[in-house]
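Each chain, letter by letter, is given below.
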Amino acid sequence: MLIRPPRVDEGIAMWRIARDSQTLDLNSSYAYVLYAHDFADTCRLAIVDGVPAGFVLGYRRPADRSCLFVWQVAVDADFRGLGLAGRMLDDLIHDDSVDGAVKTLHTTITDDNVASQRTFRSLAKRWGDAPVTVNALFESEHLSLSGPDAELHDPERLYEIGPPA
Ligand SMILES: CC(C)(COP(=O)(O)OP(=O)(O)OC[C@H]1O[C@@H](n2cnc3c(N)ncnc32)[C@H](O)[C@@H]1OP(=O)(O)O)[C@@H](O)C(=O)NCCC(=O)NCCS
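Basis of the calculations
- Residues numbered from 1 in each chain as written.
- Predicted model: local features only at pLDDT ≥ 70, side-chain atom pairs only at ≥ 80, totals over all residues.
- Heavy atoms only, no water.
- UniProt positions renumbered as here; feature names shortened; annotations may be inferred.
- Salt bridge = Lys/Arg side-chain N within 4 Å of Asp/Glu carboxyl O.
- Helix = DSSP H or I, 4+ residues; strand = E, 2+ residues; numbered from the N terminus.
- Buried < 20%, exposed > 50% of the residue type's maximum accessible area, 1.4 Å probe, protein only.

The name given to the protein chain in an unreviewed UniProt entry is L-2,4-diaminobutyric acid acetyltransferase, with Microbacterium esteraromaticum as the source organism. The UniProt entry for the protein chain carries the following text under Pathway (unreviewed entry): "Amine and polyamine biosynthesis; ectoine biosynthesis; L-ectoine from L-aspartate 4-semialdehyde: step 2/3." Within the UniProt record for the protein chain, the comment given under Sequence similarities (unreviewed entry) is "Belongs to the acetyltransferase family. EctA subfamily."

Right, dumping it as C-alpha cells:
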C-alpha cells in the first residue's frame, strides 16, 4: 500500500472513486484533475496492489496557510475499515513541506455521515487528543435550489480540529 500525492493522470480515478461512493457530492472530472494539478501537495491517493483505492482532496486555506481544509475523502467499498482514510489524513497533517506545519484541520460533514464523523474524531485523538468543535456552516438553502421539486442537500457542519496539544 502506497500513499502519495495524486498525479494529473490519476484525477479521473478519484472521480471514479467519488462516483462509486454513492455518498459524496460528485464533482466534474475536471475538478479532480484540477486538484491533482494545482493542489496535489495537499491531496493524497492510496494505492493498493497498484490500483487507486481512496483519496483525500484538500488545500491550505488562503487566509490561514496553517489550516488544512479537507474537502472530500473517500475509500472504495472493498477497502473500507482498513485504516486507509486515517493513514491518508495522518500523512497530510504531518506534512510541513508545503506551507509549514498544519496547526488546524477544517472539514465539513453532514449529520448522517457517521463513518466520516468517526474518521475525523479518531484522527483528532491520534493528533495529540486535539480539540474538535462543530458549528453550522453551509445550510440546506446554501446548497439546494428552492421550489416544490427541489432536492434538499443536508446541512454541512464545520468541524474544526486542533491545534494539537
Ligand atoms: C468515510 C470513509 C472515507 C472512511 O474510510 P475508511 O478507510 O474505511 O476509514 P478508516 O478505516 O480509516 O476508519 C477511521 C475510523 O472511522 C471508523 N469508521 C469507519 N467507517 C465506519 C462506519 N461505517 N461506521 C462507524 N465507524 C466507522 C473506524 O472504526 C475508525 O475508527 P477508529 O480509528 O476509532 O477505529 C469511507 O467510509 C467512505 O469512503 N465513505 C463514503 C464517502 C464519504 O462519506 N466520505 C466522507 C465525506 S467527505
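Back to the text.
Colleague: Give a description of the pattern of salt bridges that names residues and reports values.
Modeller: Side-chain pairing between opposite charges can occur once the charged atoms of the two side chains come close. Scanning the model with the defined rule gives 12 salt bridges in all. The partner of Arg16 in a salt bridge is Asp76, and the shortest N-O contact between them spans 3.0 Å. Here Asp76 lies in the loop between strand 4 (64-75) and helix 3 (84-93) and Arg16 lies in helix 1 (residues 11-21), a separation of 60 residues in the sequence. Residue class for Asp76 comes out buried when judged on its relative accessible area of 12%. The salt bridge involving Arg65 is made with Asp99; its shortest N-O contact spans 2.8 Å. On the criterion of sequence distance, the pair formed by Arg65 in strand 4 and Asp99 in the loop between helix 3 and strand 5 (104-109) is long-range, its members being 34 residues apart. Take Arg65: its relative accessible area is 39%, and that puts it in the partly exposed class. For Asp99, a relative accessible area of 34% gives the class partly exposed.

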